Amino acid sequence: MPEKIGRVVGTADTKNFEFAVKEDMEPAVFEYIRLEIKTGDGDTEKVLGQVTGLEKMNPAMSEGTPIEAVETMEQQGVDSTRTKAKAQVIGYLSETGVRKPRYAPKPGTAVEKAPDEFLESFVSVEEGLEVGSILTRDSVDAQLDIEGLNRHLAILAATGAGKSHTAGVIIEEMLDKGASIVALDPHGDYVKMSQEKNEGFDHTDKVQVFKARNPGSEQYQITVKTSKLGWRKLSELAGIREDFTNQRKMVRTAVEHVKEENGENYPYSLENLIDVLDRIQDDEILLDEDGNKTETIEHAEKVQFKLERLQSYGIFGTTEINFEELVSPRQLTVLDLSGIPFKAQDLISELVLNRIYQARVRHSLGEDGETYRYPIFTVVEEAHRLCPAETGKGMDSRAKEKLSEMASEGRKFGAFLTLITQRPSKIDEDVLSQCNSMIIQRIVNRKDQQSIASASESMAHGMIDELPGLNVGDAIITGPAVNIPSVVHIRERKTEHGGDDIDIPGNLEDAREDAEKRENTTDALGEEDSLDI
């Protein structure tokens, strides 16, 4: 028989109620409970609820009670403590799914801890991604419904709360289902997913890593096709402002000259443009324009310097990643953007997002060109940087427009987003609201909590208040990816996690040992000098 842990008290409505807790039967916050609620004429249903808060009170120990009296009662074992729980109504099961009762719980109604089998009937799904277990029930698996991911997903958590770990778990499960996944990874958090950590993951060979900087022997170089950008984008990337018209004109001149020499469709590189600028300065190329020759050379020098700085990023070339390498069934493609400036990260993200989206649009509309027949799931780390709420003051992003389009239209064409950020209040509000499913881990900042409350219709106010107290790895999941709002503990990863924090104590210990070795070497050399050796 299920344990009776209390009875409904006070004023209740169809969404929330309170219940007095029996002595020694106190439930944990987020525990699932069951009670009977009227659903029609004389009919009742067993309804699932969830504890959202707890209060303890002792009439003999009010705020004005002297400490001496409190200590005396404690010494004498006098305890009149009462516990009251706050709870939300989740619903009952019907042929069409989970339904909300239209009646409020009756005061005096018995409240019991929901049996595992009863809870499982709410949280289990046919095509599920096993991401962990229900927080208060290790015996009940926590699953995401794949079908629910067609409304986009947001993973929101403070730094260190485990958001990248959670994303890695979901990627592992998605690969097992055959998904095509691309991760925009500015910190290298997913580059080690090709390394197995625990047994049970058979797809490490399906992880393809492209690096923007210093690729290893089993990794590939991210390249941006220079000739695909055009002179305006090149000018912007080089840091040439729109009001620097002479420098922008010089970029256009260099591009046009390379095309005149090699053909309109020639796949030119930055090196080609720099060579033209060199020749302009050496009078090997004469420009048919009025003006001071000294100024022309000066403009060419400044543009050359800026293009050479772009060239140092190591991502600009005459080719780009083949689409078959970028996206493939049961493959995770990690675009490791660590170590390059944000503007370069932003550019790569914009171009990749556009290729992914257009490939799905063309396939859906039956058009020719670069197409892909399967849904594509794109994971975007640091989404608040690529899709900021504010613009100007250095907050502009090239990728924002494409992310906005994918958020609003992508689900129609099978281009789905998983946006990950530690600052929900700094991401574009419209884009965040398009992520109908959310995985929310520890969030301390009040503005971020308010943004979550605004974006998520199914987050109870009491659950928002609990966000700062979530432990690492704990998460609240809401939206169509789950049948009911679920509080879970994310399972261990089967693959290695990258992007770990620097081990400060370990590094300092190594530095101290290095310093001591240097001191000993210096002392030894000093002794040799004193002996005239």
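So, here is what we can say about the structure in this document. (Residues numbered from 1 in each chain as written. Predicted model: local features only at pLDDT ≥ 70, side-chain atom pairs only at ≥ 80, totals over all residues. Heavy atoms only, no water.)

The 12 strands lie next to each other as E9-E8-E21-E20-E19-E10-E18-E17-E11-E16-E12-E13, forming an open sheet whose pairing is mixed. Both outer strands of the open sheet, strand E9 (137–145) and strand E13 (220–221), are each paired with one neighbouring strand and no more. Where strand E12 (residues 207–211) lies against E13, two bridges are found, and the strand directions are parallel. Across the sheet, residue Lys-211 finds its bridge partner in E13, namely Gln-221. (Pairing = 2+ DSSP bridges. Helix = DSSP H or I, 4+ residues; strand = E, 2+ residues; numbered from the N terminus.)

Time to look at the nonpolar core. Membership of the largest hydrophobic core comes to 80 residues, with the highest contact counts inside it found for Leu-273, Leu-307, Phe-316, Leu-335, Ile-348 and Leu-419. The element best represented in this core is helix H9 (residues 342–365), accounting for 10 residues. Apart from residues lying up to four places away in sequence, Leu-273 is in contact with Leu-234, Ala-254, Val-255, Val-258, Tyr-268 and Leu-307. The next biggest cluster of nonpolar side chains, apart from the first, holds 46 residues, and it includes Ala-114, Val-169, Ala-179 and Ile-181. (Core = buried A, V, L, I, M, F, W, Y, C linked by side-chain atoms within 4.5 Å. Buried < 20%, exposed > 50% of the residue type's maximum accessible area, 1.4 Å probe, protein only. Contact = heavy atoms within 4.5 Å.)

This part is about unusual backbone geometry. With phi around 80 degrees, Phe-30 is a residue other than glycine that occupies positive phi space. Assignment of secondary structure puts Phe-30 in the loop between strand E2 (16–21) and strand E3 (32–38). Take Phe-30: its relative accessible area is 6%, and that puts it in the buried class. The phi dihedral of His-152 falls on the positive side, at around 70 degrees, and the residue is not glycine. By secondary structure assignment, the location of His-152 is in the loop between E9 and strand E10 (153–156).

Once that is clear, we can look at helix H2 (residues 116–123). Those residues of H2 not exposed but buried are Phe-118, Leu-119, Phe-122 and Val-123. Buried residues of H2 fall within an arc of 125 degrees about the axis and therefore sit on the same side. (Arc of directions from axis to C-beta.)

Before going further, it helps to spend a moment on the pattern of salt bridges. This structure, assessed with the given rule, holds 32 salt bridges. Put simply, Asp-283 and Lys-293 hold a salt bridge, and the shortest N to O gap is 2.4 Å. Within this pair, whereas Asp-283 is found in the loop between helix H6 (270–281) and helix H7 (293–311), its partner Lys-293 is found in helix H7, the two being separated by 10 residues in sequence. On the basis of relative accessibility, which here comes to 35%, the residue Asp-283 falls in the partly exposed class. Residues Arg-518 and Asp-514 are paired through a salt bridge, measuring 3.4 Å at the closest nitrogen-oxygen approach. Highlighted residues: Arg-518 and Asp-514, both in helix H15 (residues 504–530), separated by four residues, approximately one helical turn. The exposure class assigned to Arg-518 is exposed, which follows from its relative accessible area of 56%. The exposure class assigned to Asp-514 is partly exposed, which follows from its relative accessible area of 38%. One salt-bridge network, in which partners are shared between bridges, spans Glu-18, Glu-55, Lys-84 and Lys-86. (Salt bridge = Lys/Arg side-chain N within 4 Å of Asp/Glu carboxyl O.)

On to the packing of helix H5 (residues 245–262) against H7. Relative to each other, H5 and H7 sit at 75 degrees, their axes nearing to 9 Å. As summarised for this structure, H5 and H7 are arranged roughly perpendicular, according to the angle between their axes. Along the contact surface, H5 presents Asn-246, Gln-247, Met-250 and Val-251, while H7 presents Thr-296, His-299, Ala-300, Lys-302, Val-303 and Lys-306. Considered class by class, the residues forming the contact of H5 with H7 number four nonpolar, four polar and two charged. (Axes fitted to C-alpha atoms, helices over the stretch in contact; angles between N-to-C directions. Parallel < 35°, antiparallel > 145°, perpendicular 65-115°, else oblique. Nonpolar A, V, L, I, M, F, W, Y, C, P; charged D, E, K, R; others polar.)

Here Arg-248 is to be found in helix H5. We note that Arg-248 is buried and unpaired, the nearest opposite charge coming from Glu-242 at a distance of 5.0 Å. Here Arg-248 is in contact with Trp-231, Arg-232, Ser-235, Glu-236, Ile-240, Arg-241 and Glu-242, once residues within four sequence places are set aside. (Lys, Arg positive; Asp, Glu negative; His and termini not counted.)

Now for the environment of Glu-120. Along the chain, Glu-120 falls in helix H2. Distance in space between the C-alpha atoms of Glu-120 and Ala-142 is 9.0 Å, their sequence separation being 22 residues. When sequence neighbours within four positions are dropped, the list of residues in contact with Glu-120 reads Ser-139 and Val-140.

In this fold, Asp-145 is placed in strand E9. The side chain of Asp-145 is buried and forms no salt bridge, while Lys-177, the nearest opposite charge, is found at 9.4 Å. Polar side-chain contacts of Asp-145 include one of 3.0 Å to the backbone nitrogen of Glu-147. Apart from residues lying up to four places away in sequence, Asp-145 is in contact with Val-125, Glu-127, Pro-480 and Ala-481. (Polar contact = N/O pair within 3.5 Å; in protein donor to acceptor, adjacent residues only side chain to side chain.)

The alternating pattern of E10 places Leu-153 and Ile-155 and Ala-154 and Leu-156 on opposite faces, both of which are buried. Relative to strand E18 (residues 415–421), E10 is paired through four bridges, and the arrangement is parallel. Note on E18: the bridge partner recorded for Leu-156 is Thr-421. In the sheet, E10 pairs with strand E19 (residues 437–440) via four bridges, with the strands oriented parallel. By the bridge assignment for E19, Leu-156 is matched with Ile-440.

Turning to H6, a few remarks are in order. The terminal C-alpha atoms of H6, which comprises 12 residues, lie 17 Å apart, in line with the 16 Å expected from a rise of 1.5 Å per residue. Three or more residues of H6 are buried, namely Leu-270, Leu-273, Ile-274, Val-276, Leu-277, Arg-279, Ile-280 and Gln-281. Contact partners of the buried residues in H6: helix H4 (230–237), H5, H7 and strand E15 (316–317). Following H6 by one or two positions, Asp-283 has its phi on the positive side, about 65 degrees. (Expected span 1.5 Å × (residues − 1).)

The subject of this paragraph is the environment of Asp-185. Looking at where Asp-185 falls in the secondary structure, it is placed in strand E11 (residues 180–185). A relative accessible area of 0% places Asp-185 in the buried class. Separated by 113 residues in sequence, Asp-185 and Glu-298 place their C-alpha atoms 39 Å apart. Leaving out residues up to four positions away in the same chain, Asp-185 has contacts with Tyr-190, Val-191, Val-334, Leu-335, Asp-336, Leu-337 and Ser-338.

Attention now moves to a negative patch on the surface. Together, Asp-503, Glu-509, Asp-510, Glu-513, Glu-516 and Glu-519 make up a region of like negative charge exposed at the surface. With respect to the element layout, Asp-503 can be found in the loop between strand E21 (486–490) and H15. Of the residues examined, Asp-503 reaches a relative accessible area of 46% and is grouped as partly exposed. (Patch = residues over 30% accessible without salt bridge, like charges linked within 9 Å, V, L, I, M, F, W, Y side chains within 5 Å. Areas by Shrake-Rupley, 256 points an atom, 1.4 Å probe, with all protein chains shown as cover. Charge placed at Lys NZ, Arg CZ, Asp CG, Glu CD.)

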